[in-house]
Amino acid sequence: QWSLLMSGARGDHSLVPIDAPALVSAPATSKDHVGEKLIALEAPSCQLETGTTAKSEGGTGATVYTWSVVTLGVCAGFVTAETIKQLTTYAALDSKGHLPVNPGLIILVGEVFKALLSLALFLIFDGSRAASWSHVSILFAGPALLYVLNAQIYLYALRYTSPPVWIVLMQGRVLLTPLTYRVFFGREISRLRWCALAVLGVGAAVSQIKPGMAGMYVTLPALVLGVIACAVSVASGIAVEMLLKRHSCPFYLQQVQMYLWGSVTAGSMWIADDDVPSSIERLLALSPHTQAQIAAVIVASSLGGVCVAAVMKLLDSIVKIYCAAIASATIGISTALIFPSHFIIGLPFIIGTLVVMVSTLVYTRDSLDIL
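Presented here is a report on the structure given in the accompanying data block. All values reported here derive from a predicted model rather than from experimental measurement.

Section: the pattern of salt bridges
- Per the counting criterion, the structure on display carries four salt bridges.
- Glu-82 is the salt-bridge partner of Lys-85, the closest N and O atoms lying 3.7 Å from each other. With Lys-85 and Glu-82 both in helix 1 (residues 69-92) and three residues apart, this pair spans about one turn of that helix.
- Assessed through its relative accessible area of 16%, Lys-85 is described here as buried.
- The class for Glu-82 is buried, based on a relative accessible area of 17%.
- Among the ionic pairs, Lys-114 bridges to Glu-111, the shortest N-O distance being 3.1 Å. With Lys-114 and Glu-111 both in helix 2 (residues 103-125), this residue pair falls three residues apart, about one helical turn.
- Judged by its relative accessible area of 5%, Glu-111 is buried.

So, in structure tokens, the structure goes:
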């Protein structure tokens, strides 16, 4: 078993309370963790939906979480799937940074696969909750469009940067989200969170310095695409949050609708961008090795998305950040080993990435107690 010490009073933990005196409902803000989470306030004893237990340490204000085999399996699945997706996608690019098949086709198949996986999970875990036509909404098409657009940006950005650098760039979402809520919705941001955001920006800049001060990893096109991707990601998160305030249905059924609308969007982009018969012919004409790479990209992307959803349903956003930190480390090490001419792990990248992850945790918890 693996024990993780986190603050019990401030945590955004998805718990099934036993003796919780108060509960608060908190909407999620991304596609992979759509749904409500229950935040237990000052609960002396709680149990996670996975069977993971939590108990208060007397007088310390902290809660010790003992992770179950299922929880560890989900987190390990996310880290493994994310690493395989990043590496196989990068390996499938040709010398000009192009994929051997239309990106829209890859995204389409991936969205269909994720929809089928989510439907299976709905039947397994939420089958007791009857689905009805009232749960179906065209409003899910809006966020789905944004998510598919972000997937297209990611595949295009790999022409100009490597996966480890892109992951750090995408942490700009943490910076853009509170700024957007502050400017457009008037939400207050604590001083500690402002400091965390400033430190995050510094960490992101430091991580882009090549070893020996030999220039920067990030290029101007990658930086521009990263900013656009972060803005699209924040917009999609806000759209989902607003949607959840008006529309409720079982968790995995929400995922099914999102992925189905994503399939429609990706399919439309593919048809508009390429000749469908010739695109399929090119796919079938690829070598078995390249076809296996494309299949690995699709499967890993789909499993990673479903694992993130499971993490957010069974646990909380803090665990997702820990998983993302582990994935970032494994992707960086793997990229340096497999593609040494494209990326080298240096002290600036290590320090910058650690600073980014720690500041993200501080911002998410609004507390310096992050261990």
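Still more to cover.
Description of the packing of aromatic side chains
- Tallying each qualifying case throughout the model produces three aromatic pairs.
- An angle of 85° between the planes, with centres 5.0 Å apart, marks the rings of Tyr-90 and Phe-339 as edge-to-face. With Tyr-90 in helix 1 and Phe-339 in the loop between helix 11 (317-338) and helix 12 (347-365), this pair connects stretches of sequence that are 249 residues apart.
- Here Tyr-90 falls in the buried class, since its relative accessible area comes to 11%.
- The exposure class assigned to Phe-339 is buried, which follows from its relative accessible area of 14%.
- Consider the rings of Phe-343 and Phe-349, whose centres lie 4.9 Å apart with planes at 80°: the pair is edge-to-face. The pair formed by Phe-343 and Phe-349 is uniform in burial state, with each residue classed as buried.
- The ring of Tyr-154 has Lys-85 sitting right over it, with the charged end atom 5.1 Å from the ring centre.

Some points on a nonpolar patch on the surface
- Residues Ile-333, Leu-337, Ile-338, Ile-345, Ile-350 and Leu-354 make up a contiguous nonpolar surface patch of roughly 580 Å² in combined accessible area.
- At the level of elements, helix 11 and helix 12 are the ones that each hand at least two residues to the nonpolar patch.
- Broken down by element, the nonpolar patch gets its largest block of residues, three residues, from helix 11.
- Mapped onto the fold, Ile-345 is located in the loop between helix 11 and helix 12.

Side note on the packing of helix 3 (residues 141-157) against helix 8 (residues 251-273)
- Packing of helix 3 against helix 8 leaves a shortest axis separation of 8 Å and a crossing angle of 55°. Viewed along their axes, helix 3 and helix 8 adopt a mutual orientation that is oblique. The way helix 3 lies across helix 8 gives a crossing that is right-handed. Only Met-258, Trp-261, Gly-262, Thr-265, Ala-266 and Met-269 of helix 8 make contact with helix 3, whose side of the interface consists of Ala-141, Pro-143, Ala-144, Leu-145, Tyr-147, Val-148 and Gln-152.

A closer look at the side chain of Gln-86
- Structurally, the position occupied by Gln-86 is in helix 1.
- A distance of 3.0 Å separates the side chain of Gln-86 from the side chain of Glu-82, its partner in a polar contact.
- Beyond its immediate sequence surroundings of up to four residues, Gln-86 is in contact with Tyr-154, Pro-163, Ile-167 and Ile-331.

Description of the environment of Ile-106
- As for its position among the elements, Ile-106 is in helix 2.
- Separated by 164 residues in sequence, Ile-106 and Trp-270 place their C-alpha atoms 9.2 Å apart.
- Ignoring sequence-local partners within four residues, the contact set of Ile-106 consists of Leu-99, Val-101, Ile-294, Val-297 and Ile-298.

Section: the side chain of Thr-265
- Checked against the element boundaries, Thr-265 lands in helix 8.
- Overall, the relative accessible area of 13% leaves Thr-265 in the buried class.
- If near-sequence neighbours (up to four positions away) are discounted, Thr-265 is found in contact with Leu-145 and Val-148.

Let's talk about the packing of helix 2 against helix 3
- Axis separation between helix 2 and helix 3 bottoms out at 10 Å; the angle between their running directions is 130°. Comparing their axes, helix 3 and helix 2 come out oblique. Once helix 2 is placed against helix 3, the crossing between them reads as right-handed. On helix 3, the residues touching Pro-103, Gly-104 and Ile-107 of helix 2 are Val-148, Ala-151, Gln-152 and Leu-155.

Calculation notes
Every chain is numbered on its own, with residues counted from 1 as its sequence reads. Since the coordinates come from a predicted model, pLDDT governs what is reported: local features require at least 70, and pairs of side-chain atoms require 80 or more to be given and counted, while whole-chain, interface and lining totals use all residues. Note that water and hydrogens are dropped before the side-chain values are worked out from all heavy atoms of the structure. For this document, the term salt bridge refers to a Lys or Arg side-chain nitrogen within 4 Å of an Asp or Glu carboxyl oxygen. Only DSSP runs of H or I covering at least 4 residues are called helices, and only runs of E covering at least 2 are called strands; the numbering of each starts at the N terminus. Remark: exposure states derive from per-residue accessible area (1.4 Å probe, protein chains only) relative to the maximum for the residue type, with buried under 20%, exposed over 50%, and partly exposed in between. By convention, a stacked pair of Phe, Tyr or Trp rings (six-membered ring in the case of Trp) has centres within 6.5 Å and planes under 30 degrees apart, an edge-to-face pair has planes over 60 apart, and any other such pair is tilted. Here, a charge over a ring means that NZ of Lys or CZ of Arg falls within 6 Å of the ring centre while also lying within 35 degrees of the ring normal. Residues form patches when they are more than 30% accessible in relative terms and have no salt bridge. Like charges link within 9 Å. Nonpolar side chains (Val, Leu, Ile, Met, Phe, Trp, Tyr) link within 5 Å. Computed with the Shrake-Rupley method and a 1.4 Å probe, the accessible areas treat only the protein chains shown as cover for residues. Under this scheme, a helix contributes an axis fitted over its contacting stretch, all axes are lines through C-alpha atoms, and angles between N-to-C directions fall in the 0 to 180 degree range. The scheme is simple: roughly parallel for angles under 35 degrees, roughly antiparallel for over 145, roughly perpendicular for 65 to 115, oblique for anything else. Crossing handedness follows the turn of the near helix against the far one: under a right angle anticlockwise gives a left-handed crossing, and clockwise gives a right-handed one. Contacts were defined at the residue level, with two residues in contact if any of their heavy atoms lie within 4.5 Å. Under the rule applied, a polar contact is a pair of N or O atoms within 3.5 Å (in protein, one hydrogen donor and one hydrogen acceptor; residues adjacent in sequence only if both atoms are side-chain atoms).

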